[in-house]
Amino acid sequence: MQSLPGFRDFVPKECAARNYIFHRWREVARRYGFVEWDGPVLEPTDLYTKKSGPEIVTQLFNFTDKGEREVAMRPELTPTLARVVAAHEREFKKPLKWFSIPQCFRYEKQQRGRLREHYQFNADIIGESALEADVELIALCVDLLRAFGFTAEDVVVRISDREFWIDFLRAQNVPEEKWEEVLQAIDKSEREPREKTAARLGSLAEPTFKILDGTGTSEKLEQVVAALRNRGLTEFVKIDLGIVRGLAYYSGVVFEAFDRGGKLRALAGGGRYDNLIQQLSDGAVSLPAIGFAMGDVVLGELIAEQPAAKAKMEEAIAAQQNLDIYVVIAKEERRADALAQIQALRDRGYRVDFPLTPAKVGKQFQTAEQLGARIAILFGDEWPQVKLKDLRTGEQSLLPHEGLSARFAALLSSPA
Ligand code: HAM
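Residues numbered from 1 in each chain as written. Predicted model: local features only at pLDDT ≥ 70, side-chain atom pairs only at ≥ 80, totals over all residues. Heavy atoms only, no water.

A. Looking closely at the overall build of the protein. A tally of helices and strands in the protein yields 16 helices and 17 strands. Across its three principal directions, the C-alpha atoms of the protein cover 90 × 55 × 45 Å. Taking all contacts inside the protein whose residues are at least 6 apart in sequence as the whole, residues at least 24 apart take part in 69%. Total accessible area computed for the protein in this model is approximately 20600 Å², and 50% of it derives from carbon and sulfur atoms. (Helix = DSSP H or I, 4+ residues; strand = E, 2+ residues; numbered from the N terminus. Contact = heavy atoms within 4.5 Å. Areas by Shrake-Rupley, 256 points an atom, 1.4 Å probe, with all protein chains shown as cover.)

B. Structural context of the packing of helix H8 (residues 194–201) against helix H9 (residues 205–213). At their nearest, the axes of H8 and H9 sit 9 Å apart, and the two run at 130° to each other. Taken together, the axes of H8 and H9 lie oblique to each other. Between H8, through Arg194, Thr197, Ala198 and Leu201, and H9, the contact on the second element is made entirely by Ala205, Thr208, Phe209, Leu212 and Asp213. Taken together, the residues of the contact of H8 with H9 break down into five nonpolar, two polar and two charged. (Axes fitted to C-alpha atoms, helices over the stretch in contact; angles between N-to-C directions. Parallel < 35°, antiparallel > 145°, perpendicular 65-115°, else oblique. Nonpolar A, V, L, I, M, F, W, Y, C, P; charged D, E, K, R; others polar.)

C. Molecular detail of the site of the ligand. Close to the ligand lie 25 residues; Glu76, Thr78, Glu108, Asp124 and Tyr250 are nearest. Contact between the ligand and Leu115: a nitrogen atom at 2.8 Å from a main-chain N or O atom of the residue. For the shell around the ligand, the secondary-structure elements that each account for two or more residues are strand S7 (117–126), strand S11 (268–272) and strand S12 (289–295). Of the residues contributing to the shell around the ligand, the split by class is 11 nonpolar, eight polar and six charged. (Near = heavy atom within 4 Å. Polar contact = N/O pair within 3.5 Å; in protein donor to acceptor, adjacent residues only side chain to side chain.)

D. Here's a closer look at the sheet that holds strand S13 (residues 325–329). Read across the open sheet, the five strands follow the order S14-S13-S15-S16-S17; overall the sheet is mixed. Edge positions in the open sheet fall to strand S14 (352–353) and strand S17 (396–400), since each of these has one partner strand only. Direction of pairing for strand S16 (residues 385–390) relative to S17: antiparallel, over a ladder of five bridges. The residue of S17 that forms the bridge with Lys387 is Leu398. Lying over the sheet, helix H14 (residues 335–347) contacts S13, S14 and strand S15 (375–379), oriented at roughly 170° with respect to S13. In this fold helix H15 (residues 361–370) packs onto S13, S15 and S16, with an angle of close to 170° to the strand it touches most, S13. (Pairing = 2+ DSSP bridges.)

E. Region of interest: the domain arrangement of the protein. Here the protein is partitioned into domain 1 (12–39 + 77–316) and domain 2 (322–413). Centre-to-centre separation of domain 1 and domain 2, based on C-alpha positions: 50 Å. (Domains from an automatic or database assignment.)

F. Region of interest: the nonpolar core. Membership of the largest hydrophobic core comes to 75 residues, with the highest contact counts inside it found for Trp25, Phe121, Leu140, Ile159, Phe292 and Leu299. The element best represented in this core is helix H5 (residues 131–147), accounting for 12 residues. Ignoring any residue separated from it by four or fewer positions in sequence, one finds Leu140 in contact with Val28, Ala29, Tyr32, Phe34, Phe121, Ala123 and Phe292. One finds Val85, Leu96, Val156 and Tyr249 within the second-largest nonpolar core, a separate group that totals 29 residues. (Core = buried A, V, L, I, M, F, W, Y, C linked by side-chain atoms within 4.5 Å. Buried < 20%, exposed > 50% of the residue type's maximum accessible area, 1.4 Å probe, protein only.)

G. Spotlight on helix H13 (residues 307–321). Taking 1.5 Å of rise per residue, 15 residues should cover 21 Å, and H13 covers 21 Å from first to last C-alpha, within 8% of that figure. Among the residues of H13, Ala309, Met313 and Ile317 are the ones counted as buried. Viewed along the axis of H13, the buried residues span an arc of 65°, placing them on a single side of the element. Within H13, the exposed residues directed more than 90 degrees away from the buried face are Pro307, Glu315 and Ala319. Lining the buried residues of H13 we find helix H1 (12–31) and helix H12 (296–305). (Expected span 1.5 Å × (residues − 1). Arc of directions from axis to C-beta.)

In structure tokens, the structure reads:
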């Protein structure tokens, strides 16, 4: 039996990598004053068909439940956030700075960087229309990437503004019901042959390509970059009107993060969606909002490709997983004494392991090394003393078995 296409099993090595990513995400989000929240994995299908746009709707993992409800696994978190905020609006002081790490599901064609499930770090600021909120989120996006060890040579956040394109569509007399289709075509243009985009755009192709090939900007985007300069982050960002985003609800500044080499799909994407909460609550609540999401799949690929980021991850995982102490039971008569010590050491918070069944001493030391133990304690002929071996230096000593843990505090804190 295999897993379904596009779904992953997380064996310990992969689970450790996932936890590392989640840990870094949480750490940086908290540095920025964001608080964590979550919503349901299953939602009414309507929540997405209303405003997420045609692309997401074709990718829905949806079905009819046993109560005849049309439901969908969440493909993204933003509509849920809009629903939750609209429902509880009065309970919270604005602006809200919320983050979440949902698992999302999209029935996409499986390819590099695209699976049918992925985790996304989401950060959103609700109830603030000032450009400072846009800047704060772009800065957070950059700092998340920096936390994994990436520099401006590895990654870039491309910033754009949907309002620029809306103005363009108005100037070109494109009827409003066609806007989304044109924006989708522009969004796809980078990943498609020009002729295909040209066919989609018709008479708009020429003026659109002119903008895409140029170095256009807007006052608003210049302000964003200037504000990022105050934070020393400008080398990480680039104004690029080619970004319009595939989701339909964006209304203002939009951005996407990429690897500099341009080999991978987007690491993260987001933008302002000032009308979504109002639209989903049928006008009951109106709040400006901006947010983005960073996926674990492409990020994991980039970490694996960048030696410094990879080493940083491996070091963090080893520090998290390695044992402090492996207890070697050289004489089975000492097992009960060893277990009493193991319990006392674990109670004190040390990471301790031991052989569950009798094994040769050499084999036990091998296991200790494999598990990355710092120290081995041998319970054997030396009793009532025990033998201590520092597995990094090879240094050995004999100690009375009482008061062992005090000795460990010093040993384990000394540098390797
Ligand atoms: P999105 O651009 O659809 O935005 O997804 C954000 C990120 O999730 C992408 O840049 C990508 O790294 C990752 N991602 C998306 N789909 C897949 C997939 N099938 N497999 C692997 N990774 C994937 C949103 O979802 C918006 N709701 C973000 C947002 C939050 N906007 C405002 N607040």
